[in-house]
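Structural overview
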Amino acid sequence: MKKKKITVLTGAGVSAESGISTFRDSNGLWENYRVEDVASIEGWYRNPAVVLDFYNQRRRQLKDAQPNAAHRAIASLEQDYDVTVVTQNVDNLHERAGSTKIIHLHGELTKVRPEDRCNERDGFSEAEVFDIGYDDISLGDLAPDGAQLRPHIVWFGEAVPKIEQAIDAVSRADILLIVGTSLQVYPAAGLYRYAGYDTPIYIIDPKDVPVNDRRIVHIREVATKGMEIFKNILKSE
Ligand code: OAD
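Along each chain, numbering runs from 1 in the same order as the chain's sequence is written. With the structure being a predicted model, the display of local features is reserved for residues of pLDDT at least 70 and the display and counting of side-chain atom pairs for 80 or more, all residues being used for whole-chain, interface and lining totals. By convention in this description, side-chain values take in all heavy atoms of the structure and omit both hydrogens and water.

**Looking at the packing of aromatic side chains**
For clarity, the threshold we go by: Pairing of aromatic rings covers Phe, Tyr and Trp, the last through its six-membered ring, and needs centres within 6.5 Å; plane angles under 30 degrees mean stacked, over 60 mean edge-to-face, and all others mean tilted. In DSSP terms, a helix is any run of H or I states spanning at least four residues, a strand is any run of E spanning at least two, and both are numbered starting from the N terminus. Exposed residues in this analysis have more than 50% of their type's maximum accessible area, buried residues have under 20%, and partly exposed residues fall in between, with area computed by a 1.4 Å probe over protein chains only. Only when the NZ atom of a Lys or the CZ atom of an Arg is both within 6 Å of the ring centre and within 35 degrees of the ring normal do we say a charge sits over the ring.
All chains considered together, the criterion is met by seven aromatic pairs. Ring geometry for Phe 54 against Tyr 55: centres 4.9 Å apart, planes inclined by 85°, an arrangement best described as edge-to-face. Note on Tyr 202 and Phe 230: the rings are 5.3 Å apart at their centroids and 70° apart in plane angle, and the pair reads as edge-to-face. Of this pair, Tyr 202 sits in strand β8 (residues 201–204) while Phe 230 sits in helix α9 (residues 223–235), and the two are 28 residues apart along the sequence. The pair Tyr 202 / Phe 230 is uniform in exposure class, with both members buried. In textbook terms, an aromatic cluster arises when at least three aromatic residues are bridged by ring pairs, as seen for Phe 23, Trp 30, Tyr 33, Trp 44, Phe 54, Tyr 55 and Trp 155. Cation over ring: Arg 214 sits above Tyr 197, and NZ or CZ is 4.3 Å from the ring centre.

**Quick word on the side chain of Asn 92**
Using the following cut-off: Between N or O atoms, a polar contact is any pair within 3.5 Å; within protein, one atom must be a potential hydrogen donor and the other a potential acceptor, and residues adjacent in sequence are included only when both atoms are from side chains. Here, two residues are considered to be in contact whenever any of their heavy atoms come within 4.5 Å of each other.
For Asn 92, the location among the structural elements is in the loop between β2 (82–87) and α7 (93–97). Looking at Asn 92, its side chain comes within polar contact range of the side chain of Tyr 134, at 3.0 Å. Setting aside residues up to four positions removed in sequence, Asn 92 forms contacts with Leu 62, Thr 110 and Tyr 134.

**Concerning the nonpolar core**
Soluble globular proteins tend to pack their nonpolar side chains together in the buried interior. Spelled out, the test is: Put simply, buried Ala, Val, Leu, Ile, Met, Phe, Trp, Tyr and Cys residues joined by side-chain atoms within 4.5 Å make one nonpolar core.
The biggest cluster of nonpolar side chains holds 24 residues, and the ones touching the most others in it are Val 86, Leu 105, Leu 191, Ile 201 and Ile 203. Secondary-structure elements contributing two or more residues to this core are α8 (163–172), β7 (175–179) and β8. Top element by residues in this core is α8. It accounts for five residues. Each residue touching Leu 191, except ones within four places of it in the same chain, is listed here: Leu 9, Val 86, Leu 105, Ile 163, Ala 166, Ile 167 and Val 170. The next biggest cluster of nonpolar side chains, apart from the first, holds 23 residues, and it includes Ile 20, Val 38, Ile 132 and Trp 155.

**Describing the pattern of salt bridges**
The cut-off we apply is this: Should a side-chain nitrogen of Lys or Arg be within 4 Å of a carboxyl oxygen of Asp or Glu, the pair is scored as a salt bridge.
Counted under the stated rule, the structure contains 13 salt bridges. Arg 172 is the partner of Asp 168 in a salt bridge, and the nearest nitrogen-oxygen pair spans 3.0 Å. Taken together, the residues span about one helical turn, with Asp 168 and Arg 172 both in helix α8 at a distance of four residues. Judged by relative accessible area, which is 35%, Asp 168 ranks as partly exposed. Between Arg 220 and Asp 208 there is a salt bridge whose closest N-O contact spans 2.6 Å. Linking Arg 220 in the loop between β9 (216–219) and α9 with Asp 208 in the loop between β8 and β9, this pair joins segments that are 12 residues apart in sequence. A relative accessible area of 49% places Arg 220 in the partly exposed class. Taken together, the shared-partner salt bridges connect Arg 34, Glu 36, Asp 37 and Arg 46 into one network.

**What about the side chain of Ser 99?**
As for its position among the elements, Ser 99 is in the loop between α7 and β3 (102–104). Beyond its immediate sequence surroundings of up to four residues, Ser 99 is in contact with Ile 74, Ala 75, Glu 78, Val 85 and His 94.

**Quick notes on the sheet that holds β8**
Inclusion rule: The rule for pairing is simple: two strands pair if DSSP sees at least two bridges between them. The convention used is that axes are lines fitted to C-alpha atoms, helices contributing only their stretch in contact, and that angles between N-to-C directions extend from 0 to 180 degrees.
In spatial order, the strands read β3-β2-β1-β7-β8-β9; together these six strands make up an open sheet with parallel pairing. Every other strand in the sheet has two partners, leaving β3 and β9 as the edge strands with one partner each. On average, each strand axis in the sheet is tilted by 15° relative to the strand beside it, whichever way the strands run. Two elements, β2 and β3, share three bridges in a ladder whose sense is parallel. Considered in β3, the bridge of Val 86 is made with Ile 103.

**Some remarks on helix α6 (residues 69–76)**
Along α6, six of the eight residues are buried, which leaves the element largely enclosed by surrounding structure. Of all the positions in α6, only Ala 70, His 71, Ala 73, Ile 74, Ala 75 and Ser 76 are classed as buried. Considering only its buried residues, α6 is in contact with β1 (5–10), α1 (13–16), β2, α7, β7 and α9. One side-chain oxygen of the residue at the start of α6 lies 2.7 Å from the amide nitrogen of Ala 70, identifying that residue as Asn 68.

And the structure:
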């Protein structure tokens, strides 16, 4: 029998219990840094050293973090369902928990690319993206073409190259599950609207969610507990 499709849209909240800071909660990253300095293309052109430092810190933090029970529960859904994870997270905790189909909408911390040719202005080629693991990048670290390396991250002011793939995954879903995102950043925040007319949408988040749609069931819990509840709902279907 063909497996039902579950598309899981995740945000920083799914990694919170792994000790990775979210962005907009109290003491979140955007309380301590200015987005326009560290996560925008203008910030990069203005002061790349500050941007590199910010992502070097994120990479070091990721090295010491482990997937939590929510990442593992999402991966385990693959036993019975055809699962696609669409994540806004740049960490690799879904991969490390065992999920196999992952669309990283906002890029990946452990990858880099040359700053020329691989940006909005000069074009973009996945072929020039490569793994750097958990190493720092410094000014003067160059790609094979001689250009400065930059983090493989989608910054504010840049296009989101994987949005079409994400829309496709949401529109084909039999069930949409959203975990730990404040739904503040577009285009990711609007993805749920591409779910089918009768597709159930579950949202796991301990806080209020800024969306109101008859298809939505809000599981008001942290990700680990919320995933237990979600899996029980699937069992009782
Ligand atoms: P936010 O920090 O905006 O939102 C995190 C969400 O997770 C909030 O709704 C919290 O209530 C929820 N949350 C906190 N702890 C949780 C837990 N233990 N379990 C479940 N949920 C929890 O993060 P995102 O929505 O992911 O983009 O942010 C979206 C984008 O904004 C990021 O990808 C990043 C940022 O600017 C870029 O840098 C391009």
